[in-house]
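Take a look at the letters that make up each chain.
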Amino acid sequence: MAELWIGAAIDQNRSSVGVDLMSVLPNRLPWFVVLAWVVSALVVHGRAESGLPFVAGLPAWVLIFIGLQGALAFTAAWIARP
Amino acid sequence: MSITLISALIALVVYLLALLWLGAQSLGGQTGSADSYFLADRRLRAGVLFFTLIATNFSAFFFLGFAGAGYRIGIAYYPMMALGTGLAALSFGSLGCRVRSLSAKHGLITPSELIGHLLPAEGLRLLVLSVMVLFTLPYLALQPLGAGYLLESLTGGAVPFGVGAALLTVVIVIYVVGGGMRAVARTDVLQGVLMFLLMLMAFVAVAKGVGGIEKANLTLLQQLPDLFSGAGLGGFFTPRVMASYLLLWPLCLPMFPQMLMRFFAAGDDRSLKQSMVLYPVVAGVLFICPVLIGMWGHLAFPDLVGRASDQVMPLMLGRYSPEWLTGIVMVGALAAFMSTLDSQLLALSSMLTRDLYKRYWRPQASLAEQVRVGRLAVIALAVAGLVIALRPPEAILSLATHAFSGLAVLFPMLVGAVYGLRWTVAGAMVSVLGGEAVLLGLALGGIPESFQMGYLPLIPALVVACIVLGVDQLVAQWRRA
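Just so it is clear, the structure is predicted and the values come from calculations on it, not from any experiment. (Residues numbered from 1 in each chain as written. Chains lettered and ligands numbered in written order. Predicted model: local features only at pLDDT ≥ 70, side-chain atom pairs only at ≥ 80, totals over all residues. Heavy atoms only, no water.)

**A look at the overall build of chain A**
Part 1 of the reasoning: When you go through chain A residue by residue, the secondary structure sums to 3 helices and 2 strands.
Part 2 of the reasoning: Going from N to C terminus, chain A has its helices and strands arranged as α-α-β-β-α.
Part 3 of the reasoning: Carbon and sulfur atoms provide 70% of the accessible area of chain A, an area that totals close to 4600 Å². (Helix = DSSP H or I, 4+ residues; strand = E, 2+ residues; numbered from the N terminus. Areas by Shrake-Rupley, 256 points an atom, 1.4 Å probe, with all protein chains shown as cover.)

Next up, the structure:
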């Protein structure tokens, strides 16, 4: 552990220019999902009127949001696949 | 002595003893290294990681603030918070996995060390450290403040505010100093489970009391139809405000030092990804409970004004749930306060130890010495938080309200660097300083409100930060060409 830590301390003072980060870059897909869901949520929110039908005690637009939330969980599961 | 008070006191004593027992269990197995104390040897997996992410993120605002917002705004508060939080969790499986891998490979422990590794420059490290401490410390001080008031109200004044805040802080300090991240994560599991169960129990009891979800909502629809509109009461959620909030959570949540450090402490990518999947489900199920309880508050307490509406949860429990349950549920709110405070204490203590003490004062400090200093820093920060909580200066409270936006300004620079973008040091620093300057200017009135164009202040601040980084990349490309 001590060797690992000393290595890290040295590494922190070294320039990372040239380090091959491209091969280990994180997945960009989740950020596109964030944008897509924000746009979808705004579309639903834009059509949310208090006069919309109620289903199971909740306005239909809230149920659509719950559907979006469920779809988000499924999308997260898809992103998380091995 | 009422049944509510007796049940609250019994639940409180059992809960605090359980925390201390879990803290004591965490004393074994430590190797005395900074990794072991601050990051639990980077071995947090699956269930424990999930609960520690949840408990750290869900403060008592989840119990009290959501219900108050449901009362003031209406049902629109629910999808904003639930979807925003679910979207924030997507960072666990992308940013989180990359940060975990980098930190484990290079022995990084703090966010400043991470940015120092990606963009080596002392000024930038110090800037990230300053922003994180500046916005986390006031937020930290709010926890004993809220917990003290809650305990005072819970015990009907038998435990005064100052004594309550001090008692809860002392318990936290004991288990954080003793067990570090291991103790924090274990207690987070207890606190997370308590939050889940107690919120669901409160919801079932109140829903039954108001005659069921459908009946209560249809009655409210007749009285206050705007409670069910997308804009909410008073037209609070304009499309631009809604867009701002939906973006705020995904951008600010990973920038909290206590959340970033959970990425460092994760045992493997799989555990982070499991948390990413479960987070939207839990937020979707749980968040609707306090918001609906708050809305139903109009049926029983139609005259709450302003911040008084934040008391709607205990008021509704007092009216509709069994007496024994009211006290116990409020202990759940205390758990939410404490689970956020302990994580903030540990995160800030690691930063003060590694990024200031070890880097500038005693570079030769051994790992054991760092742990000792870290423990002292936990005590010092807890005392500082308590002192601020007992006599909160206006400026500190104001800073705390801007904590989320202030931290989110770091997002473009830090996440871009993690994704391999090579900012220049000047570009990275100007991006953060420019974004924070916009927030400051809007808060103090130096920048006209029209600059926000109807969005929250975070959006123009982020636009400025991104423009600076974009120009930085263009200049770098031009120089290379």
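Structure's up, so let's keep going.
**With respect to the pattern of salt bridges**
Oppositely charged side chains can form a pair if their charged atoms are brought close together.
Residues and elements named next belong to chain B.
Part 1 of the reasoning: Applying the stated criterion across every chain yields a total of 10 salt bridges over all chains.
Part 2 of the reasoning: Residue Arg 100 pairs with Asp 269 through a salt bridge whose shortest N-O separation is 2.8 Å. Of this pair, Arg 100 sits in helix H5 (residues 77-106) while Asp 269 is found in helix H12 (residues 269-286), placing the two residues 169 residues apart along the sequence.
Part 3 of the reasoning: Since its relative accessible area comes to 16%, Arg 100 is described here as buried. (Salt bridge = Lys/Arg side-chain N within 4 Å of Asp/Glu carboxyl O. Buried < 20%, exposed > 50% of the residue type's maximum accessible area, 1.4 Å probe, protein only.)

**Quick word on the domain arrangement of chain B**
All names here are of chain B.
Part 1 of the reasoning: Domain parsing of chain B yields domain 1 (3-390) and domain 2 (402-481).
Part 2 of the reasoning: Computed from C-alpha atoms alone, the centre-to-centre distance between domain 1 and domain 2 is 27 Å.
Part 3 of the reasoning: Each side of the interface is counted separately: domain 1 has 33 residues, and domain 2 has 30 residues.
Part 4 of the reasoning: Counting each side, the surface lost to burial between domain 1 and domain 2 is near 2800 Å², with a carbon and sulfur contribution of 84%.
Part 5 of the reasoning: Run the count over domain 1 and domain 2 and you get 0 salt bridges.
Part 6 of the reasoning: The tally of links from domain 1 across to domain 2 stands at 3 residue pairs in polar contact (both at pLDDT 80 or more). (Domains from an automatic or database assignment. Contact = heavy atoms within 4.5 Å. Buried area = accessible area lost by both parts, 1.4 Å probe. Polar contact = N/O pair within 3.5 Å; in protein donor to acceptor, adjacent residues only side chain to side chain.)

**Structural notes on the packing of helix H3 (residues 60-79) of chain A against H12(B)**
Think of two packed helices as two axes; the pair is described by the angle between the axes and how far apart they sit.
Part 1 of the reasoning: For the pair H3(A) and H12(B), the least separation of the axes is 8 Å and the interaxial angle reads 170 degrees. Accordingly, the angle class assigned to the pair H3(A) and H12(B) is roughly antiparallel. Of H12(B), the residues touching H3(A) (which contributes Gln69(A), Leu72(A), Ala73(A), Ala76(A), Ala77(A) and Ile79(A)) are Met276(B), Val277(B), Pro280(B), Val281(B), Ala283(B) and Gly284(B).
Part 2 of the reasoning: Of the residues belonging to the contact of H3(A) with H12(B), the class tally is 10 nonpolar, 2 polar and no charged. (Axes fitted to C-alpha atoms, helices over the stretch in contact; angles between N-to-C directions. Parallel < 35°, antiparallel > 145°, perpendicular 65-115°, else oblique. Nonpolar A, V, L, I, M, F, W, Y, C, P; charged D, E, K, R; others polar.)

**Quick word on helix H21 (residues 458-480) of chain B**
Part 1 of the reasoning: Over its 23 residues, H21(B) runs 33 Å from end to end, which matches the ideal 33 Å to within 8%, given 1.5 Å per residue.
Part 2 of the reasoning: On its buried face, H21(B) sits against helix H10 (239-252), helix H18 (403-408), helix H19 (411-418) and helix H20 (425-444) of chain B. (Expected span 1.5 Å × (residues − 1).)

**A look at the packing of helix H4 (residues 65-72) of chain B against helix H13 (residues 288-300) of chain B**
All names here are of chain B.
Part 1 of the reasoning: At a closest axis distance of 7 Å, the pairing of H4 and H13 adopts a crossing angle of 45 degrees. Viewed along their axes, H4 and H13 adopt a mutual orientation that is oblique. H13 is crossed by H4, and the crossing has right-handed handedness. Residues Phe 66, Ala 67, Gly 70 and Tyr 71 of H4 form the contact with H13, whose own contacting residues are Pro 290, Val 291, Gly 294, Met 295, Gly 297 and His 298.
Part 2 of the reasoning: Grouping the constituent residues of the contact of H4 with H13 by class yields 6 nonpolar, 4 polar and no charged. (Left-handed = near helix turned anticlockwise from the far one by under 90°.)

**Notes on the interface of chain B and chain A**
Where interface size is quoted, it is often the accessible area lost as the parts come together.
Part 1 of the reasoning: Residue-level contacts link 63 residues of chain B with 46 residues of chain A.
Part 2 of the reasoning: Summed over both sides, the interface between chain B and chain A buries roughly 4500 Å², with carbon and sulfur atoms accounting for 72% of that surface.
Part 3 of the reasoning: Considering only the surface of chain B that becomes buried against chain A, Leu83(B), Leu90(B) and Tyr419(B) emerge as the three largest contributors, covering 15% of it.
Part 4 of the reasoning: At the junction of chain B with chain A, the criterion picks out 0 salt bridges.
Part 5 of the reasoning: Scanning the region where chain B abuts chain A turns up 8 residue pairs in polar contact (both at pLDDT 80 or more).
Part 6 of the reasoning: Considering every element that reaches the side of chain B that touches chain A, the biggest residue donor is H5(B), with 14 residues.
Part 7 of the reasoning: Here the side of chain B that touches chain A is composed, by residue class, of 37 nonpolar, 15 polar and 11 charged.

**Some words on a nonpolar patch on the surface**
Residues and elements named next belong to chain B.
Part 1 of the reasoning: A cluster of nonpolar side chains, Ile 3, Val 193, Leu 197, Met 201 and Trp 324, forms an exposed patch at the surface whose accessible area comes to about 450 Å².
Part 2 of the reasoning: Broken down by element, the nonpolar patch gets its largest block of residues, 3 residues, from helix H8 (residues 161-209).
Part 3 of the reasoning: Of note, Val 193 is situated in helix H8.
Part 4 of the reasoning: Given a relative accessible area of 33%, Val 193 falls into the partly exposed group. (Patch = residues over 30% accessible without salt bridge, like charges linked within 9 Å, V, L, I, M, F, W, Y side chains within 5 Å.)

**Remarks on the nonpolar core**
Residue and element names in this part refer to chain B.
Part 1 of the reasoning: The biggest cluster of nonpolar side chains holds 192 residues, and the ones touching the most others in it are Phe 287, Trp 296 and Met 413.
Part 2 of the reasoning: No other element matches the 20 residues that H8 contributes to this core.
Part 3 of the reasoning: For this core, the domains that each give at least three residues are domain 1 (3-390) and domain 2 (402-481).
Part 4 of the reasoning: Not counting residues within four places of it along the chain, the set of residues in contact with Met 413 comprises Ile 115, Leu 119, Leu 124, Val 128, Trp 423, Ala 428, Ser 431, Val 432 and Leu 469. (Core = buried A, V, L, I, M, F, W, Y, C linked by side-chain atoms within 4.5 Å.)

**Details of the environment of Tyr279(B)**
Residue and element names in this part refer to chain B.
Part 1 of the reasoning: Along the chain, Tyr 279 turns up in helix H12.
Part 2 of the reasoning: As a C-alpha pair, Tyr 279 and Thr 85 span 194 residues in sequence and 7.8 Å in three-dimensional space.
Part 3 of the reasoning: Excluding anything up to four places from it in sequence, Tyr 279 contacts Phe 50, Leu 53, Ile 54, Asn 57, Phe 58, Thr 85, Ala 89, Phe 92 and Met 259.

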